[in-house]
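This is what each chain is made of:
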Amino acid sequence: MTDAEIQQKLTAIFRSVLDKDSIELTATTTAKDIEGWDSLTHVDLIVAVEKGFKVSFTTKEVMALQSVGDLMRLIASRCK
Amino acid sequence: MSFLSLEFAAFLALGALVFQLARGPWRRLVLLLLSYAFYLTWNPRQAVLLLGITAAVYYTARSLEKISSARGRLGFILPAVAGLLLVLVFFKCAGLFARYFPARRGGDALADIVAPIGLSYYLFKLMGYLLDVYWEKIPVQRNFVSMALYPAFFPQILSGPIQRAGDFFTQLEKIGNPRSEDIVTGLRRILFGMFKKVVVADHLSAMVDAVHANPAGYSPLELLFGGYCFAFQIYSDFSGVTDIAIGIGLLFGIKGPENFNMPFFARNIQEFWRRWHISLTCWLTDYLFMPLRFSLRRFGTAGLSAAIFVTMVAVGIWHGPRMTYAVFGALNGFYMVVSALTLKKRNDYFQKRPLLARLRAYAGPLLTFHLMVVALILFRANSLPSAWLYITHIIPGFQSAGISALRFDRALLHTRQIALLLAGISYAAMESVNWASRQNVWAARFDSAPWFVRWTAYYVVILIIACSAQETRTFIYAQF
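Being a predicted model, the structure only gives us computed values, none of them experimental.

Quick word on the overall build of chain B
So, point 1. Tallying secondary structure elements over chain B gives 21 helices and zero strands in all.
So, point 2. For 480 residues, the compact-globule formula gives about 23 Å, and the C-alpha radius of gyration of chain B, at 24 Å, lands near that figure.
So, point 3. Expressed as a percentage of the 480 residues in chain B, the buried residues total 50%.
So, point 4. A separation threshold of at least 6 residues defines the contact pool for chain B, and within that pool the share at least 24 residues apart is 75%.
So, point 5. In the form shown here, chain B has an accessible surface area of approximately 22800 Å², with 68% of it arising from carbon and sulfur atoms.

Right, here's the structure in full:
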């Protein structure tokens, strides 16, 4: 899976979970940049990502995430 | 040495001067020496404990980076964090344990143990540091002076805010002489914090103390008023000490995190907790709620509710091992679970009804404020039965016999009328300044005003503080 494909699929997941079609993700996007992406919805997003990409993350991996770029790299490392 | 003492003013002036004269890495050492000098004025033995715990955390983090296997790292970090938690529980609960030990078997010794000043704040900082290193969010701190300064940093050790290690170390790396605008902002924050504490909080405390001493002796109207007064008292007290802490930090080139963002304007309970004691709620969100929520993700709504509830109970008992704090946390957990589970449906409902949505904009903050007034009664009450008495007697019809629901005894206010009026006006002024300072236009207007306008404003505030100073009480959050 290429980085562009991951980004495209991730954007679709974010739009669906947060119910906002206007979301545009980049590698530098963080929770501060997107309204509605808070501590309560964060795990919903991760669960949707796990289902969408058919991967599973550990608590440590999720806690280390600081931006969408980190999440994309984590997904890429699993989808090799 | 209290922040509101002349000795501290002299200490601060001297400390700022020495800091200005120091160069390069010496600045960190000066800050460390100042921090320990400040802490030693409270209790020298407790300073030894602080240094010992800091050294243990420093070597734990350094050893952690040498371990490569995931299992090995987990096996190393878990006992370390558990150890810090045990220290916290031991000191906070010593008095509680003493009740279950006969005096001759150590019960007396346990009862005499006093929790070190600022223990909850510095242990949370150190636990956060270890977990951030474990999760590889930040690099290990190799400089022991920087490491020792982080938990001991004197503006934050008494009542927070709980600054994150990454943020603190980043600022410390490039610490230089503070810019003149930071010094002005810092001095203004200190003045503003003193105003909140001395003028607003301390004048509300007499009324609050009176109604909490004997809730059954007051009418529902008086109890409701007492409830409002405590909400404003604790906010002014705690946000006041935070302002002072942030202001002092700025004099030494360190900007601490904000702890409050006009919480009484929150539209729902989730938003309230994003605006109240922000540094603690963010800490618990990152290090307790998120790992718990993620671990329980397979349980859907039940997992979410459990994670929220446990986190809010932790917010409550962080204040101490008292039933009133635990129930305060549990009640907020209940509020949060209901709010979180219904928020989407409520938003959908109001989206289709614009007229009701407009009403919601006003009703939301009002309802949230009243829910917190009830919760804060629990927080302030002397015991759980006393809180129950207060909450039941606040309901019209359930007050003591012979007291009318709308009675408002002027004698209660007799000597405090002017003080309460002053506190009320001051509160409005306080929030207006708070609001204006966040609007760049107003902040810029004040900064660009002629010098005599600015200096008149400062002198008026100093005069109000000096005139309203009574027997100053310690900051409520200094005891945690």
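Comments concerning the overall build of chain A
So, point 1. A count of helices and strands for chain A gives four helices and zero strands.
So, point 2. Each helix and strand of chain A, ordered N terminal to C terminal, gives the series α-α-α-α.
So, point 3. Taking 2.2 N^0.38 as the reference for a compact globule, 80 residues should give roughly 12 Å; the C-alpha atoms of chain A span a radius of gyration of 11 Å, in line with that estimate.
So, point 4. C-alpha extents for chain A along the principal axes are approximately 30 × 25 × 20 Å.
So, point 5. Within chain A, buried positions represent 41% of all 80 residues.
So, point 6. Total accessible area computed for chain A in this model is approximately 4400 Å², and 50% of it derives from carbon and sulfur atoms.
So, point 7. Positive and negative charge centroids in chain A, built from 10 and 12 side chains respectively, lie 7 Å apart.

Things to note about the nonpolar core
So, point 1. Judged by nonpolar contacts, the single largest core of 153 residues is most densely connected at A:Leu10, A:Phe14, A:Phe57, B:Tyr129, B:Phe154, B:Phe252 and B:Trp273.
So, point 2. Counting residues per element, this core draws most heavily on helix 6 (residues 119-134) of chain B, at twelve residues.
So, point 3. Domain assignment of the residues forming this core places at least three in each of domain 1 (6-177) and domain 2 (182-479) of chain B.
So, point 4. Setting aside its immediate chain neighbours within four residues, B:Phe154 contacts B:Phe3, B:Phe8, B:Phe11, B:Leu12, B:Leu31, B:Leu34, B:Ser35, B:Phe38, B:Ile248 and B:Phe252.

Section: the domain arrangement of chain B
Residue and element names in this part refer to chain B.
So, point 1. Here chain B is partitioned into domain 1 (6-177) and domain 2 (182-479).
So, point 2. Domain 1 and domain 2 are separated by 27 Å when their C-alpha centres are compared.
So, point 3. The partner domain 2 presents 30 residues to the 36 residues of domain 1 that form the contact.
So, point 4. Counting each side, the surface lost to burial between domain 1 and domain 2 is near 2700 Å², with a carbon and sulfur contribution of 68%.
So, point 5. For domain 1, the biggest contributors to the area lost against domain 2 are Phe124, Pro161 and Arg164; these three give 21% of the whole.
So, point 6. Across the contact surface, domain 1 and domain 2 share one salt bridge.
So, point 7. A salt bridge links arginine 164 to aspartate 286; the nearest nitrogen and oxygen atoms lie 3.0 Å apart.
So, point 8. For the interface between domain 1 and domain 2, the tally reads seven residue pairs in polar contact (both at pLDDT 80 or more).

Remarks on a nonpolar patch on the surface
So, point 1. Residues B:Trp451, B:Phe452, B:Val453, B:Trp455, B:Tyr459 and B:Ile462 make up a contiguous nonpolar surface patch of about 690 Å² in total accessible area.
So, point 2. Looking at the secondary structure, you find B:Tyr459 in helix 21 (residues 451-468).

Some points on the interface of chain A and chain B
So, point 1. Across the boundary between the two partners, chain A contributes 19 residues, which contact 20 residues of chain B.
So, point 2. Interface of chain A and chain B: buried area, both sides summed, is about 1600 Å²; carbon and sulfur atoms make up 66% of it.
So, point 3. Remark: the boundary between chain A and chain B carries five salt bridges.
So, point 4. Put simply, A:Asp44 and B:Arg293 hold a salt bridge, and the shortest N to O gap is 2.8 Å.
So, point 5. At the surface where chain A touches chain B, the tally comes to three residue pairs in polar contact (both at pLDDT 80 or more).
So, point 6. For the side of chain A that touches chain B, the secondary structure elements donating two or more residues are helix 2 (39-53) and helix 3 (59-64) of chain A.
So, point 7. When residues of the side of chain A that touches chain B are assigned to their parent elements, the largest contribution, eight residues, is made by helix 2 of chain A.
So, point 8. In terms of residue class, the side of chain A that touches chain B is built from eight nonpolar, six polar and five charged.

What to know about the side chain of B:Ser146
Residues and elements named next belong to chain B.
So, point 1. Relative to the helices and strands, serine 146 resides in helix 7 (residues 144-152).
So, point 2. For serine 146, a relative accessible area of 1% gives the class buried.
So, point 3. A polar contact is formed between the side chain of serine 146 and the side chain of arginine 28, at a distance of 3.0 Å.
So, point 4. Excluding its chain neighbours within four sequence positions, the residues that come into contact with serine 146 are Arg28, Gln141, Phe168, Phe169 and Leu172.

Brief notes about the side chain of B:Thr54
So, point 1. Mapped onto the fold, B:Thr54 is located in helix 3 (residues 44-64).
So, point 2. Here the side chain of B:Thr54 touches B:Leu50 through a polar contact of 2.6 Å, landing on its backbone oxygen.

As for helix 10 (residues 180-213) of chain B
So, point 1. Spanning 34 residues, helix 10 of chain B covers 48 Å between terminal C-alpha atoms, matching the ideal 50 Å at 1.5 Å per step.
So, point 2. The sharpest bend along helix 10 of chain B reaches about 35 degrees and sits at B:Ala201.

Points about the pattern of salt bridges
All names here are of chain B.
So, point 1. Per the stated rule, a full pass over the model turns up 25 salt bridges over all chains.
So, point 2. Here arginine 179 ties to glutamate 181 by a salt bridge, and the two come within 3.5 Å at their closest N and O atoms.
So, point 3. The network of salt bridges with common partners includes Arg189, Lys196, Asp243, Lys255 and Glu258.

A look at the packing of aromatic side chains
Residue and element names in this part refer to chain B.
So, point 1. Using the criterion set out here, one finds 43 aromatic pairs over all chains in the structure.
So, point 2. Relative to phenylalanine 260, the ring of phenylalanine 238 has its centre 5.1 Å away and its plane inclined at 85 degrees; by these criteria the two rings are edge-to-face. Here the residue phenylalanine 238 occupies a position in helix 11 (residues 220-251), and phenylalanine 260 occupies one in the loop between helix 11 and helix 12 (269-275), the gap between them amounting to 22 residues.
So, point 3. Lying over the aromatic face of phenylalanine 168, lysine 125 brings its terminal NZ or CZ to 6.0 Å of the ring centre.

Definitions and limits used
- Residues numbered from 1 in each chain as written.
- Chains lettered and ligands numbered in written order.
- Predicted model: local features only at pLDDT ≥ 70, side-chain atom pairs only at ≥ 80, totals over all residues.
- Heavy atoms only, no water.
- Helix = DSSP H or I, 4+ residues; strand = E, 2+ residues; numbered from the N terminus.
- Rg over C-alpha atoms; globule rule 2.2 N^0.38 Å.
- Buried < 20%, exposed > 50% of the residue type's maximum accessible area, 1.4 Å probe, protein only.
- Contact = heavy atoms within 4.5 Å.
- Areas by Shrake-Rupley, 256 points an atom, 1.4 Å probe, with all protein chains shown as cover.
- Lys, Arg positive; Asp, Glu negative; His and termini not counted.
- Charge placed at Lys NZ, Arg CZ, Asp CG, Glu CD.
- Core = buried A, V, L, I, M, F, W, Y, C linked by side-chain atoms within 4.5 Å.
- Domains from an automatic or database assignment.
- Buried area = accessible area lost by both parts, 1.4 Å probe.
- Salt bridge = Lys/Arg side-chain N within 4 Å of Asp/Glu carboxyl O.
- Polar contact = N/O pair within 3.5 Å; in protein donor to acceptor, adjacent residues only side chain to side chain.
- Patch = residues over 30% accessible without salt bridge, like charges linked within 9 Å, V, L, I, M, F, W, Y side chains within 5 Å.
- Nonpolar A, V, L, I, M, F, W, Y, C, P; charged D, E, K, R; others polar.
- Expected span 1.5 Å × (residues − 1).
- Bend = angle between axes of the 7 residues up to and from the residue.
- Phe/Tyr/Trp six-rings, centres within 6.5 Å; stacked < 30°, edge-to-face > 60°.
- Lys NZ or Arg CZ within 6 Å of the ring centre and 35° of its normal.

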